[in-house]
Amino acid sequence: MNQGRNAWYVVGVLTLANISANIDAQILALLAVPIRRDLGLSLTEMSYLIGLPFAIFYTLMGLPIARLADRGNRRNIIAVGIALWSVMTALSGLAGSYWRLLLARIGVGVGEAALAPPATSMLSDYFPRDRLSSAMSVYSTAIFIGSGLAYLIGGWVIGIAEAEAYWTWPVIGTIRPWQTVFLIVGLPGLLIALLMVTVREPARQNPVPQAMPLSALFRYMKANLRTFLCHSLGFALSASVNFGIAAWLATFLVQRHGWPVSRAGIVMGVLTISVGTLGVVSGGRLTDYFIRTGKSDGALRVGIIGASGMLVSATAYPFAPSISLALVWLVLVNFFAAFPWGAASAAAAEIVPGSMRAQGVALYFFVLSLVSRALGPIAVAAVTDFVFGYDAALPYALAIVNVVGMTLAIALFVFGMPAYRRTLAQRDNWI
């Protein structure tokens, strides 16, 4: 294992990259109101823009990129991906139509596919198993720091631009405020891509002459099918609820409590950065504690705790009679929504042999992203539009999606625990 300052430096750089990725991926959700207004979109059309194109290309590109990562330089792959998604986010700011914005979001998805599998594989080579969840939880704080910054930046820009229909920029010309947000959050990622080049590629655990073929991974998954299904689908359902809330919470606060978009973004950003970060670090440390005390299925235990907390808090906040009480519930939502994600990523790496780790992690993110990014925002919008038929039913849709998603996640985690323990015990005997 590669311990010491260098290992944590790598965590720091990868966390910065992950923050950039999550800002670029999540900023669209806060801007849903002005984009819908300017482009004339329905809730369902907007949900496709938020989730589906990104999810499809993020997942489709994940496996071939992971194949390269299992036999090539993971650092360089990540650096190229950062540069790509940063450029495509900036180009989103130049999109003046639905289809141009759609194409730019596809580019963001392709670029971000180059981060999670190689990064998780690298950190698995830097840290031992009983510290990996803590390292992954720090890396995973980027999900909540990035999302929170997206809310803060978007809310700030929209707030100061409310009186202006357009902004004029040198060279670029006249664009709308929401287009400006994409330029502001996209371009700094190019500096992070340069910083990534300073990271050292770690020595691999149990190195092999070349990466195992994808067919070997599928055979391994077939032999451990219950483990993979329960882990991947359980966390995918949890993430679906999270993405559904993230996509429509600003709209909920505007509709239900009469908040301006700018205030909703700022409050969501503060809660996500502060409480979300505390939640994911707490979950990672608890997972490592479980492992040190002999509970090898600690990741699934943490998943159950997080889903149970969400089952209560994320069902309660949509019906709170006042904004003050809603915010109290949203504090708990942010904590429990973040709680399992360091554990989830560490588990995706540890259930797969080192010779095919990046590909195994890519398959996990394939399921996670395809299900959560596509299903979460669309599920909430579809229940609102097609079950109730009016926009004011959004609180009911948020609650229904949460109850169904988190109940199924808990059931999968409980059902998968025995198989998960067997997979870990037998993993190193796989050839």
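What you see is a predicted model, and the numbers here were worked out from it, not measured in a lab. (Residues numbered from 1 in each chain as written. Predicted model: local features only at pLDDT ≥ 70, side-chain atom pairs only at ≥ 80, totals over all residues. Heavy atoms only, no water.)

1. Comments concerning the overall build of the chain
A count of helices and strands for the chain gives 17 helices and two strands. For the chain, the C-alpha radius of gyration of 21 Å lies close to 22 Å, the compact-globule estimate for 431 residues. Overall, the C-alpha framework of the chain stretches about 65 × 50 × 35 Å when taken along its three principal axes. Among the 431 residues that make up the chain, the fraction classed as buried is 60%. Across the chain, every contact between residues at least 6 apart in sequence was considered, and the portion connecting residues at least 24 apart equals 83%. Counting only carbon and sulfur atoms, one obtains 68% of the accessible surface of the chain, whose full area is about 16100 Å². (Helix = DSSP H or I, 4+ residues; strand = E, 2+ residues; numbered from the N terminus. Rg over C-alpha atoms; globule rule 2.2 N^0.38 Å. Buried < 20%, exposed > 50% of the residue type's maximum accessible area, 1.4 Å probe, protein only. Contact = heavy atoms within 4.5 Å. Areas by Shrake-Rupley, 256 points an atom, 1.4 Å probe, with all protein chains shown as cover.)

2. What to know about the pattern of salt bridges
Close approach of charged atoms allows side chains of opposite charge to pair. Tallied over the full model, the rule gives five salt bridges. When the shortest N-O distance is used, the salt bridge between Arg74 and Glu201 registers 2.7 Å. Of this pair, Arg74 sits in helix H4 (residues 74–92) while Glu201 sits in the loop between helix H9 (189–196) and helix H10 (214–223), and the two are 127 residues apart along the sequence. Asp297 is the salt-bridge partner of Arg421, the closest N and O atoms lying 2.4 Å from each other. Of this pair, Arg421 sits in helix H17 (residues 394–426) while Asp297 sits in the loop between helix H12 (261–292) and helix H13 (298–316), and the two are 124 residues apart along the sequence. Note on Asp297: relative accessible area 1%, which makes it buried. Members of the salt-bridge network, linked through shared partners, are Arg74, Asp125, Glu201 and Arg357. (Salt bridge = Lys/Arg side-chain N within 4 Å of Asp/Glu carboxyl O.)

3. Quick look at the packing of helix H11 (residues 225–257) against H17
Look at H11 against H17: their axes get within 7 Å of each other, and the N-to-C directions meet at 160 degrees. Viewed along their axes, H11 and H17 adopt a mutual orientation that is roughly antiparallel. As H11 runs across H17, the sense of the crossing is left-handed. (Axes fitted to C-alpha atoms, helices over the stretch in contact; angles between N-to-C directions. Parallel < 35°, antiparallel > 145°, perpendicular 65-115°, else oblique. Left-handed = near helix turned anticlockwise from the far one by under 90°.)

4. Observations concerning the packing of helix H15 (residues 341–350) against helix H16 (residues 357–388)
Interhelical geometry of H15 versus H16 gives an angle of 135 degrees and a closest axis separation of 8 Å. Taken together, the axes of H15 and H16 lie oblique to each other. Here H15 contributes Trp341, Ala344, Ser345, Ala348 and Ala349 to the contact with H16, which in turn contributes Arg357, Val361, Tyr364, Phe365 and Leu368. A breakdown of the residues in the contact of H15 with H16 according to their chemical character gives eight nonpolar, one polar and one charged. (Nonpolar A, V, L, I, M, F, W, Y, C, P; charged D, E, K, R; others polar.)

5. Description of the packing of aromatic side chains
For the structure shown, the criterion picks out 12 aromatic pairs. Relative to Trp99, the ring of Tyr98 lies with its centre 5.4 Å away and its plane at 90 degrees, an arrangement referred to as edge-to-face. Residue class for Tyr98 comes out buried when judged on its relative accessible area of 18%. Exposure remark for Trp99: the relative accessible area of 60% places this residue in the exposed category. Both rings, one in Tyr220 and one in Phe228, keep their centres 5.9 Å apart while their planes meet at 85 degrees; by these two values the pair is edge-to-face. A residue is classified by how much of its surface remains accessible, and Tyr220, at 2% relative accessible area, is buried. Through successive ring pairs, a cluster of aromatic residues spans Phe235, Trp341 and Phe413. The cationic tip of Arg226 hangs over the ring face of Phe415; the distance from NZ or CZ to the ring centre is 3.9 Å. Here the basic side chain of Arg301 rests over the ring of Phe290, its NZ or CZ set 5.9 Å away from the ring centre. (Phe/Tyr/Trp six-rings, centres within 6.5 Å; stacked < 30°, edge-to-face > 60°. Lys NZ or Arg CZ within 6 Å of the ring centre and 35° of its normal.)

6. Details of the side chain of Asn402
The residue Asn402 is located in helix H17 in this model. Among the polar contacts made by the side chain of Asn402, one reaches the main-chain carbonyl oxygen of Met310 at a distance of 3.2 Å. Each residue touching Asn402, except ones within four places of it in the same chain, is listed here: Val241, Met310, Leu311, Ala314 and Thr315. (Polar contact = N/O pair within 3.5 Å; in protein donor to acceptor, adjacent residues only side chain to side chain.)

7. Topic: the environment of Ser47
Turning to its location among the elements, Ser47 is positioned in helix H3 (residues 43–69). With relative accessibility at 0%, the residue Ser47 sits in the buried group. A sequence separation of 357 residues divides Ser47 from Val404, and the C-alpha atoms of the two residues are 19 Å apart. Those residues in contact with Ser47, other than ones at most four positions away along the chain, are Leu52, Trp248, Pro377, Ile378 and Ala381.

8. Observations regarding the side chain of Asn334
Structurally, Asn334 is set in helix H14 (residues 323–338). A polar atom in the side chain of Asn334 sits 2.7 Å from the backbone oxygen of Leu330. Among residues more than four places away in sequence, those in contact with Asn334 are Leu271, Thr272, Val275 and Gly276.

9. Some remarks on the confidence of the model for the chain
Of the residues in the chain, 93% reach a pLDDT of 70 or more, and the chain-wide mean stands at 86. Confidence, expressed as mean pLDDT per element, reaches its minimum in the chain at strand E1 (residues 167–169) with 70 and its maximum at H13 with 97. (pLDDT = per-residue confidence, 0-100.)

10. Considering H12
Between its first and last C-alpha, H12 extends 45 Å over 32 residues, near the 46 Å set by a 1.5 Å rise per residue. Gly276 marks the point of greatest bend in H12, at about 30 degrees. Looking one or two residues past H12, Gly294 carries a phi angle of roughly 90 degrees, positive in sign. (Expected span 1.5 Å × (residues − 1). Bend = angle between axes of the 7 residues up to and from the residue.)

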